[in-house]
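Letter by letter, the chains look like this.
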Amino acid sequence: MAPQPIETYATPDNVIIAGRVLGPGEPGIRFLASAPVVSSEGQNLGALFVIDYAPRTLTAEQRAHLARVARLAAAKMALGRRSVALEQRARSEERFRTL
């Protein structure tokens, strides 16, 4: 089963939010949702975050969309890695041909 998005309802003393890059203080983050970005091999690559200054709750559809965007981000990273590998291979083959 794929990792599911996580929602956090921020309060001024919420240790998950307090002291982070966007940190406490006005206007203050009141909502944070995240979805893990995981490679097809199961390696954790990072997380996709959605924040808001108003408290809210994600609907099931919004959670599904957040998870889908996280999967799309992982796929885009994989395509980038494949592209770099193909470019390196092409350069290597070109060097071999010129020998």
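Per chain, residue numbering runs from 1 following the sequence as it is written. Only residues with pLDDT of at least 70 are given local features in this predicted model, and only at 80 or more are side-chain atom pairs given and counted; all residues enter the totals for whole chains, interfaces and linings. With hydrogens and water excluded, all non-hydrogen atoms of the structure serve as input to the side-chain values.

K.L.:
So what exactly am I meant to see when it comes to the pairing of strand β3 (residues 44-52) here?
P.N.:
The two faces of the sheet receive side chains in turn, since in a regular strand these alternate between them. We call two strands paired when DSSP finds no fewer than two bridges between them. Helix and strand labels come from DSSP, where a helix needs a run of H or I of at least four residues and a strand needs a run of E of at least two; each type is numbered from the N terminus. Of the strand pairs in this sheet, strand β2 (residues 31-38) and β3 are connected by 8 bridges, and their pairing is antiparallel. Counterpart to Ser 34 in the pairing with β3 is Phe 49. The hairpin formed by β2 and β3 contains 5 residues between the paired strands, and Gly 42 there has a positive phi angle of roughly 90°.

K.L.:
How should the nonpolar core be read in this particular structure?
P.N.:
The nonpolar side chains of a soluble globular protein tend to be buried, and buried together. Nonpolar core, defined: a set of buried Ala, Val, Leu, Ile, Met, Phe, Trp, Tyr and Cys residues in which side-chain atoms within 4.5 Å join the residues together. A simple rule labels every residue: compare its accessible area, found with a 1.4 Å probe on the protein chains alone, to the largest value its type can have, and call it buried under 20%, exposed over 50%, or partly exposed in between. In terms of nonpolar packing, the biggest core is built from 8 residues, these being Phe 31, Ala 33, Ala 35, Val 37, Leu 58, Leu 66, Ala 70 and Ala 74. Sorting the residues of this core by element identifies β2 and α1 (60-97) as the ones contributing at least two each. In terms of residues, this core owes the most to one element, β2, which gives 4 residues.

K.L.:
Help me understand the pattern of salt bridges, please; the structure alone is not making it clear to me.
P.N.:
Should their charged atoms come close, side chains of opposite charge can pair. For salt bridges, the criterion is a side-chain nitrogen of Lys or Arg within 4 Å of an Asp or Glu carboxyl oxygen. Taken as a whole and assessed by the stated rule, the structure comprises 4 salt bridges. The partner of Glu 93 in a salt bridge is Arg 89, with the nearest N and O atoms 3.0 Å apart. Within this pair, Glu 93 and its partner Arg 89 are both found in helix α1, separated by 4 residues, close to a single helical turn. Classification of Glu 93 as partly exposed rests on a relative accessible area of 32%. For Arg 89, a relative accessible area of 55% gives the class exposed. In this structure, the salt-bridge partner of Glu 94 is Arg 97, at a minimum N-O distance of 3.7 Å. Linking Glu 94 with Arg 97, this pair stays in helix α1, spanning 3 residues, or about one helical turn. Of the residues examined, Glu 94 reaches a relative accessible area of 43% and is grouped as partly exposed. Shared partners join several salt bridges into a network, and the residues in it are Arg 89, Glu 93, Glu 94 and Arg 97.

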